[in-house]
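This is what each chain is made of:
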Amino acid sequence: MVDLSRRAALALLGLGLAGTAISWPRLTGGDIPGRGDDALTVALFGTAQDAAARQSLVDGFQKLHPDIPVRIIAIQGQDWGNFFAKILTMVAAGTPPDIVSVATEGSQLFAERLAHPIDEYVQRDAAELQEYFDDVNPSLIESFMYKGNLFQLPDNFNAANMYYNTSAFERAGLERPRDDWSVEDFFTVGRTMQASAPGSFLPYFWNNRLWGGVVPWLYINDTSFLTEEKAPGGDWMWSKFYPDETPRGGGYLWENADALSDRTVESFEVLQRMVSEGIAANPAQGGGNELVSLFSRGSVGMTPAGGFWVKGLNDAGLGDDEYDVTYFPKMRGQRHQFGAGGYAMMQTSERKDEAWEWMKYCISVEGMSIAHSQPDSSLPRRSLNAELYGGDIGPKHWEVFYDTLDRFPTTGPMPAPPQQAAVESALIKNVVGTITNGPNGVRRGLETMQRDLELALKGR
Amino acid sequence: MMALQSPTATRALVVPPEAETGRRKRAPRGSRLLVWVFLAPTLIGLGLFSFVPIIGSFVLAFFRWDIISAPEFVGVGNFVDLAANPTVRVSFLNTVGFVIVAVTLQLAVALLLAILVQSRMPEWLRTFFRSALFFPLVLSAASVSLVMSYLFNQEFGLVNEFLGLFGVGNIGWLTTGFGAKIVVLLVYVWQNFGFTFLLFIGGLAAIPREVYEASSLDGAYGWSQFRNVTLPLVSPTMLVASVMAIISALQIFDQPYVLTRGGPGDDTRTAVMVIYESAFQQLDFGLAAAIGIVLTLLIMLVTAAQFRLSKRFVFYG
């Protein structure tokens, strides 16, 4: 064996230490561009390309605030739950962002644990914000209130509407359904399309998830799988910005499982009937990446989607006249479901004032127009949707996207309590079993769902 | 496969002569230092990235921690909770059931194919089969599962399209409990048997041809030769292959996560999926760590049992 003198050992040790010192910025991630800069850190759910696309938003913001440098961090994730887990990891690592893009799915989790309420800022800049609230349906604002405080200002939303393939309708000799069509009308449309379709065709395709899954079918029956109540408080918001509205309280509370109510059972029986008749498939798990392709090649007749899908269909080469959008059918009522997104200011941020300026810019006409220059989401500002969908790209009845809020005032966000991930998991895993085991299997499936939801809500 | 050297020879290689006399001459100080210098990178890497996380997980299992709040000591609370949690229970049962079927299939398919590939055929064809059968292993499990989810789609998948040619109706491969289990199993075995197959190729190649010739002279052919010659002589390889296959199968995650997300219901939920969901969806890192420890103990227990049983079933020549 080669002998190593003490001097050589010390030299090797010294080399090792020197190497470590030289590579320290790499080891600690300090050489990542922007890290450690004194900048407002904005985390959003998306890819590096999405972050790059936000550059024009940053540029616009910095024209107004040249003294506030902004750093966008794009965080990729499979779904919102995955995104939140990564944000939480950043918090645990001691490098939380200042402001985070949060969708309805995580809104209450953030409100309860991580976000800073913006009531004081809103009240301070009330005069400046009045035109924003005048342009925004209160249902969207309400969805970002939690226990009397406001945590976010919506800068995009998507209501679950019914997209339909006009070729499939024409082939079946069907006309656009009435706005107040019923569930039985829906069945008739499905059966007629099925009868006239060649080869593989599915009248209704849906995904098993919180948005656009079973929830719209529960909402139109004025029910849900969780109890829904309103927290007290919030008067400061309604009296100041929506004086003509009946005060809506301090935000939604979804605190108990309610999978066994008669109406919930009834809605699931409708879905069970739909699947057993072959009008709808067993719901696909996940995000439904294949749906654009199936819909655009005419293999699917109807599917739930929001304004975001216009861009997807356009990218897939579908012409504006090859599809259209309408409301969900009526059961007991015609309440719709939506999900919204907006920025939340982190409790831990030392740049709250700058974060507030960013939030305000993103909901301004200029900010919202820059952030959504393409029809990838409906806009909370009523006035901007005409330009977004009524121009070159968009279905004939694009007004449906916003009218869903205006015509159906009870339309509400998807049920997303702070335990959203566990609740969604408890819902999703029981849906298929509930609707595929025959009419008698519905109640049995919902009993299991009720048990799982109770466990999810109880926590430990 | 079998002992290459006699025990005495091996001992001669590993035991320095001075140890025989009871006196051990210390290596020069420089040599000892050099040993540590070479070992240091591995030891530091192992320490930082294996031992510290292992110890951390063990400690975490006794705390309730959601990343945001400070950890709260709960003693064995997490273990009590996991025992009472029906999803955890089902996921472990699923995992064990999956391991039994998947590993059996994996070993059987790999051995059968290895025997076929080792039979008489042109060398280029043998090389082709070896590469082709190993190929699925180098693919990403997530990508494979995604493609398979399209193939097994109930309404628009190619599998049902093909079966439809024979009058078979649409099968809910991924939406019925039985169908989903079959698909997860098939995808996993298809993707993983390649490594076991290579092990068997090596094991079979090491069996001396003379043994087969001698057994033929004794009248052993076909099944009898396989049972009395091939199987005993390949049994050490079988032990290694089964240990590795079981450890790997007990940790199955990618395939059910992408194909079914554990559904329908909990039908394809596995232990590692529950660890992931507890930690990263429900932010219950303590419970996740506790489940991880139980799974590790299960793996150790099964492996120990395999080695113990191997004394009865493995033939070392």
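Residues numbered from 1 in each chain as written. Chains lettered and ligands numbered in written order. Predicted model: local features only at pLDDT ≥ 70, side-chain atom pairs only at ≥ 80, totals over all residues.

Chemist: Help me understand the interface of chain A and chain B in this model?
Modeler: Think of interface size as the accessible area that goes away when the parts come together; that is how it is often given. At the interface, 33 residues of chain A touch 28 residues of chain B. The element that contributes the greatest number of residues to the side of chain A that touches chain B is helix H21 (residues 420-436) of chain A, accounting for eight residues. Of the residues contributing to the side of chain A that touches chain B, the split by class is 16 nonpolar, 12 polar and five charged. (Contact = placed C-beta atoms within 7 Å. Helix = DSSP H or I, 4+ residues; strand = E, 2+ residues; numbered from the N terminus. Nonpolar A, V, L, I, M, F, W, Y, C, P; charged D, E, K, R; others polar.)

Chemist: Sorry if this is basic, but what is going on with the packing of helix H3 (residues 29-60) of chain B against helix H14 (residues 285-313) of chain B here?
Modeler: Describing two packed helices takes the angle between their axes plus the distance from one axis to the other. All names here are of chain B. It is at 8 Å that the axes of H3 and H14 come closest, and there the two elements cross at 115 degrees. With respect to their mutual orientation, H3 and H14 come out roughly perpendicular. Taken as a pair, H3 and H14 cross one another with a handedness that is left-handed. Each of Ser 57, Phe 58 and Leu 60 in H3 lies in contact with H14, whose residues at this interface are Phe 285, Gly 286, Ala 289, Gly 292 and Ile 293. Residue composition of the contact of H3 with H14, grouped by class: five nonpolar, three polar and no charged. (Axes fitted to C-alpha atoms, helices over the stretch in contact; angles between N-to-C directions. Parallel < 35°, antiparallel > 145°, perpendicular 65-115°, else oblique. Left-handed = near helix turned anticlockwise from the far one by under 90°.)

Chemist: Explain the pairing of strand E13 (residues 300-305) of chain A to me, please; I cannot follow it from the model alone.
Modeler: In the case of a regular strand, side chains alternate between the two sheet surfaces. All names here are of chain A. Across the six residues of E13, six count as buried, placing the element largely inside the fold. As judged from the four bridges shared by strand E7 (residues 161-165) and E13, these two strands associate in the antiparallel manner. Looking at E13, one finds that Tyr 164 is bridged to Met 302. Examined bridge by bridge, strand E8 (residues 202-204) and E13 share two bridges and lie parallel to one another. Its bridge partner being in E13, Leu 202 is matched across the sheet by Val 300. (Buried ≥ 20, exposed ≤ 12 C-beta atoms within 10 Å, placed from the backbone. Pairing = 2+ DSSP bridges.)

Chemist: Explain the sheet that holds strand E14 (residues 323-326) of chain A to me, please; I cannot follow it from the model alone.
Modeler: In a beta sheet, neighbouring strands are held together by backbone hydrogen bonds and run either parallel or antiparallel to one another. Residue and element names in this part refer to chain A. Spatial ordering of the open sheet is given by E8-E13-E7-E14, a layout of four strands whose pairing is mixed. Looking along the sheet, the strands with just one partner apiece sit at the ends: E8 and E14. Each strand of the sheet is rotated relative to its neighbour by a mean of 25 degrees, with strand direction disregarded.

Chemist: What should I look at first to understand the domain arrangement of chain B in this one?
Modeler: Segmentation of chain B into domains returns domain 1 (26-60) and domain 2 (76-313). If you average the C-alpha positions of domain 1 of chain B and of domain 2 of chain B, the two centres end up 34 Å apart. (Domains from an automatic or database assignment.)

Chemist: Help me understand the domain arrangement of chain A, please; the structure alone is not making it clear to me.
Modeler: Residues and elements named next belong to chain A. By domain assignment, chain A separates into domain 1 (40-158 + 340-388) and domain 2 (159-228 + 255-337 + 410-458). A per-element tally of the side of domain 1 that touches domain 2 places helix H6 (residues 104-113) first, with seven residues. Residue composition of the side of domain 1 that touches domain 2, by class: four nonpolar, 11 polar and three charged.

Chemist: Help me out: how do you make sense of the packing of helix H5 (residues 86-118) of chain B against helix H13 (residues 271-281) of chain B in this one?
Modeler: All names here are of chain B. Two elements in contact, H5 and H13, have axes whose closest approach is 7 Å; the angle formed by their N-to-C orientations is 145 degrees. In contact with Thr 87, Val 88, Ser 91, Phe 92 and Thr 95 of H5, H13 contributes Ala 271, Met 273 and Val 274. In the contact of H5 with H13, the residues fall into five nonpolar, three polar and no charged.

Chemist: So what exactly am I meant to see when it comes to H14 of chain B here?
Modeler: Residues that lie three or four places apart on an α-helix share one face, since the helix turns once every 3.6 residues. With 29 residues, H14 of chain B should cover 42 Å at 1.5 Å per step; its first-to-last C-alpha distance of 41 Å lies within 8% of that length. The inward-facing, buried residues of H14 of chain B contact H3, strand E1 (63-64), helix H4 (77-84), H5, helix H11 (222-250) and H13 of chain B. (Expected span 1.5 Å × (residues − 1).)

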